[in-house]
Amino acid sequence: MIAPLALIGLISLPIIVAFYMLRLRRRDLPVGSTFLWQQLVRDVEANAPWQRLRFSWLLLVQLLIAAIVVGAATRPFSTAQSDLAANVVLIVDTSASMSTRTDDEDRAELARARARDVVERLPEGGRITVVAAADSATVMVSETHDTDAALEAIARIGPTQLEGDLTDAFALSSALAARDSDSTIVVVTDAAGDELPATGVGAPVLVERVGSTDANQAISALSALRRAGGAQLDLFVAVTNPSAADATRRLEIYADGALVDARELDIPAGQRSEALIGTVPAAAGTIEARLSGTDALAADDRAFAIVPAEQTTRALLVGDGSAYLENALALLPRLELYAVGEGGYADALDQADAAGTPYGLIVFDGIVPEDAPRLPALYVDPPSDGAFGSVDGREEAPAIDRPDPDEPLLRFVDLSSVHVGRARQVQLADGLRAVVTSTRGSPLVAAGDVGGSRLGLIGFDLDESDLPLQIAFPLLTSNLVDFLLPTAEGVLPSSMPLGASLAVNVDPSLERVVLSTSNGDRTTSAELPVVGGRVTLPAADAVGVRELRVADDDEDPERAGALLGSTAVNLFSSDESDIAPGDAERLVEMGRVTAGEERPAQTARAEWWWPLALAALALLAVEWLLFHRPTRRSLRRAFGRRPQPLGGRAP
Amino acid sequence: MPVTATHRAPFFDEAFLRRLEQLELASRRLTAGRMKGERRSTRRGQSVEFADYRNYSAGDDLRQLDWNAYARLEKLFVKLFVEEEDVTVHILVDASRSMDYGEPNKLEAARRAAAALGYLGLASMDRVSVAFLGDGTATAMRPMRGKRRALELFNFLSEPRTERLTGLAAAARAYAARMRGSGPMLLISDLMDPGYLDALRDLAGTRSQLSVLHLLAPDELEPEVPPDARLVDRETGHAVEVSGDDDLVDRYRARLVDWQAEISSFVARRGGAYVLVPSDLDLADLLFDVLRRRRIVE
């Protein structure tokens, strides 16, 4: 027994008996005569405080209940062989896909149940560490022998809306396992998604896979562009159906909370459907796309977008005139586009400066100026060295390497069907990073900060690629311009990923700002301190719109409550939206292979206080029946019988 | 017009009284009475019902000689006839405090039963003697005869009366000592008195035909006792502490059955009858069914 001290409770047994022997204050009941009763209870001593103990079923039942409750309190257990080591690290996946919920499946509760089961299988004397893992690991309880504490920790674990990444959890587990060679890592997960942890663990991995459904559709892209001078926005929405069945979902578009568009989308299994919507009023500030109805994962059924403010920057396109590039730039409402040939470049800059309307962005198409401007610039197909780096010939028919899905410059950009005829081989200058590369390592698209100016690079001629013919091109152009002109939407970017924290610059004279997060239904606010003109926004943990405002009680009443910036937080994770349980063996293989190794047999402790508790409950019911049982007379009354006169029957 | 008591609600209505007149109290023994009534007597006398012959002896009434027998047998025989005489019906009502209990009240039930049985006797032109037993004495009314005395009988039975103590044996002995005439004797009592056997012995010893109507309340037959109760005797104030479980009730019932058997056997050995009468038993059922089947009335 785990708690032998509870045996002290056995003292209740003689106390119960004593209560039965103690003469009770009884209720007076007048009767015609006690003539017969006296003969029945002659053995009762009228004045003694104690009476002789007589057999009573009630007493027997109460003694049994007391004994069983004491027995249960001692937490008796039996032992059995365990498949777990003495040191167990229990990782419970809390990524967004674990919040899958249908009428038949509550994946988070399933995970907790499996986790509890692991605790119950813990070998005798074993210790356990419980880790909740989403995009990072959180230790809920560390190396404890106390199974109650472990169970309480498991009860506190709930799913998040964050992307899953077991790297942190595996790294932590490795560190714990390194201290004890007899360790087991148990991962409770749906194994959904393709991403594997970046690190393995030095201990055997057991996977408790949960979940079964894959019925989910997700909004995987949402982008709003303000068309210059237009009355409507250009809205781009993509809905993905990672499930194995075709689906039809109703897509609803809300502008500042008002429904402005709704349509049915047919999404084939494993594919995505895209919609270009031109019915949203240009005056809208916040756009929400919503898949009406329900599916297994609610977090990806809503997405938000902040419409860029109508603030234009003069941009100069220098080159021979690429219609694709010109059209893509002209579509961006924040740009006021001017074009000039290579020869007129210097004069155009001078004239603009003289007129007091300098350019904010220069786009060089197929040329590199001798004097690089100290302005944000985009170089397309540069023929020679420049601020972006050096050009070392060409690469023929480069194949596009798989890009980083988290790359913000490739947001909503699908390059899987893009082909490039040939590209410049560029050695990037310090400060630039490759966004898209060829399989040979040549940067095809790059961006960065060189000498205090932001630069972008497209390393091939657009005419020698099918990129301009695809929807990816205007999106890539828009993303590059957003990068090159970062202050267009206030202090916040128009979007930020879930789980990411962010430090932004604000007016150094501010002391406090207020960060509010709203998902349309619920709004939460938090006050953040401004330190040296910088504010650190905590990681976003839910889909919605975040707004940063000056505190209402700011010392300058004119700016109190003023909006500093808005940003949209969306899940947009193909791994999390694909909720179909994955291949658990891939995780198992990341652990130390134990084949051929003999781990000493462990014994697990199976507590069985609960059947005792059930027995005590049953006995309580019996006690109640014994106490309140109907008398024979009341039964006779109920069934209409009455005493027959004895001797009144005919012989 | 119904015969009613003076202080209480009427015992019976006229229709019930007419039904009662169809009955009469049975007399198992032939008794010797003092005047002619409607019953047969053990005394051979002058009536029309032939009983037996006996040899003539000097002094016999010559009118009783059977001359036809003499002609045939040349011996003198005297014809003997059963003489019809009255009997005295004794109705004794236990008026102790233990009888003033129950729902319906046992004493009230006893009064009604005594009134009905007394009326039977009056209607049969028997002498009826009614007495309350209590406090060690018997309070009897003067014996009466005839239906015209019914009102007097009912008034006597209606008088408020509950005695403090039973003293059933002493009261029965007192009544037996001064009773006159024999015949059916009906004792209506709960017999909840330590001297109940002495009382029965004294009453049975009067050569009357004793019938015991053992009157008990329903909750004395099937008691319902709370788990922890103190039973207080209405008569003596004595208290008994009990724990009312089925075991106790079972033992009570067993004791009750034994007690009834003891009384029944005691009375039967003395030629009497025993009838248990729950106080909620309908009077008509008692008279026309129970007592009739027991041949106490016919």
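Residues numbered from 1 in each chain as written. Chains lettered and ligands numbered in written order. Predicted model: local features only at pLDDT ≥ 70, side-chain atom pairs only at ≥ 80, totals over all residues. Heavy atoms only, no water.

A. Inspection of helix α4 (residues 150-158) of chain B at higher detail. All names here are of chain B. Where burial is concerned, most of α4 is hidden: 7 out of the 9 residues are buried. The set of residues buried in α4 consists of Ala-150, Leu-153, Phe-154, Asn-155, Phe-156, Leu-157 and Ser-158. Where α4 is buried, its residues contact α1 (14-20), β3 (88-94), α3 (106-123), β4 (127-134) and β5 (137-140). (Buried < 20%, exposed > 50% of the residue type's maximum accessible area, 1.4 Å probe, protein only. Helix = DSSP H or I, 4+ residues; strand = E, 2+ residues; numbered from the N terminus. Contact = heavy atoms within 4.5 Å.)

B. Representation of the sheet that holds strand β4 (residues 127-133) of chain A within the structure. Residue and element names in this part refer to chain A. Spatial ordering of the open sheet is given by β5-β4-β3-β6-β7, a layout of 5 strands whose pairing is mixed. Taken across any chain shown, the strands that pair with only one partner, and hence form the sheet edges, are β5 (137-144) and β7 (205-209). Strand-to-strand twist in this sheet, taken as the mean axis angle between neighbours without regard to direction, amounts to 15°. Examined bridge by bridge, strand β3 (residues 87-93) and strand β6 (residues 183-189) share 6 bridges and lie parallel to one another. Residue pairing for β6: Leu-90 is matched across the bridge by Val-186. Contacts between helix α4 (residues 107-120) and the sheet are confined to β3, β4, β6 and β7, with β3 contributing the most and set at about 175° to the helix. Sitting on the sheet, helix α5 (residues 147-156) touches β3, β4 and β5, and the angle it makes with β5 is about 170°. (Pairing = 2+ DSSP bridges. Axes fitted to C-alpha atoms, helices over the stretch in contact; angles between N-to-C directions.)

C. Molecular detail of the packing of α3(B) against α4(B). Residues and elements named next belong to chain B. Where α3 contacts α4, the two axes come as close as 10 Å, and the packing angle between them is 160°. One way to sum up the angle between α3 and α4 is to call them roughly antiparallel. Considering the relative orientation of α3 and α4, their crossing is right-handed. Residues Arg-111, Ala-114, Ala-115, Gly-118, Tyr-119 and Leu-122 of α3 touch α4, and the partners they reach there are Ala-150, Leu-153, Phe-154, Leu-157 and Ser-158. When grouped by side-chain class, the residues that make up the contact of α3 with α4 number 8 nonpolar, 2 polar and 1 charged. (Parallel < 35°, antiparallel > 145°, perpendicular 65-115°, else oblique. Left-handed = near helix turned anticlockwise from the far one by under 90°. Nonpolar A, V, L, I, M, F, W, Y, C, P; charged D, E, K, R; others polar.)

D. Local environment of the nonpolar core. Ranked by internal contacts, the top residues of the largest apolar core, which has 50 residues, are B:Ile91, B:Leu117, B:Leu157 and B:Leu287. Of the residues forming this core, the biggest block, 11 residues, is contributed by α3(B). Look past the residues within four positions of B:Leu117 in its chain and what remains in contact with it is B:Leu25, B:Ile91, B:Leu186, B:Ile188, B:Leu213, B:Leu287, B:Leu291 and B:Val297. Counting 43 residues, the second-largest nonpolar core is a separate cluster that includes A:Trp37, B:Leu168, B:Leu216 and B:Leu256. (Core = buried A, V, L, I, M, F, W, Y, C linked by side-chain atoms within 4.5 Å.)

E. Highlighting the packing of helix α1 (residues 12-21) of chain A against helix α3 (residues 57-73) of chain A. Residue and element names in this part refer to chain A. α3 packs onto α1 with a crossing angle of 160° between their chain directions and a minimal axis gap of 9 Å. Relative to α3, the element α1 is oriented roughly antiparallel. Along this stretch, α1 crosses α3, giving a crossing that reads as right-handed. Residues Ser-12, Leu-13, Ile-16, Val-17 and Tyr-20 of α1 form the contact with α3, whose participating residues are Leu-58, Leu-59, Gln-62, Leu-63, Ala-66 and Ala-67. Of the residues contributing to the contact of α1 with α3, the split by class is 9 nonpolar, 2 polar and no charged.

F. Structural view of the side chain of A:Glu623. Residue and element names in this part refer to chain A. Structurally, Glu-623 can be placed in helix α12 (residues 609-628). At 2.5 Å, the side chain of Glu-623 forms a polar contact with the side chain of Gln-62. The contacts of Glu-623, once residues within four sequence positions are left out, are Leu-58, Val-61, Gln-62 and Ile-65. (Polar contact = N/O pair within 3.5 Å; in protein donor to acceptor, adjacent residues only side chain to side chain.)

G. Broad picture of helix α5 (residues 168-178) of chain B. Residue and element names in this part refer to chain B. Within α5, the full set of buried residues consists of Leu-168, Ala-169, Ala-171, Ala-172 and Tyr-175. Projected onto a plane normal to the axis of α5, the buried residues spread over an arc of 165° and lie on a single side. In the core, the buried residues of α5 are packed alongside β3, β4, β5, β6 (184-189) and α6 (196-204). (Arc of directions from axis to C-beta.)

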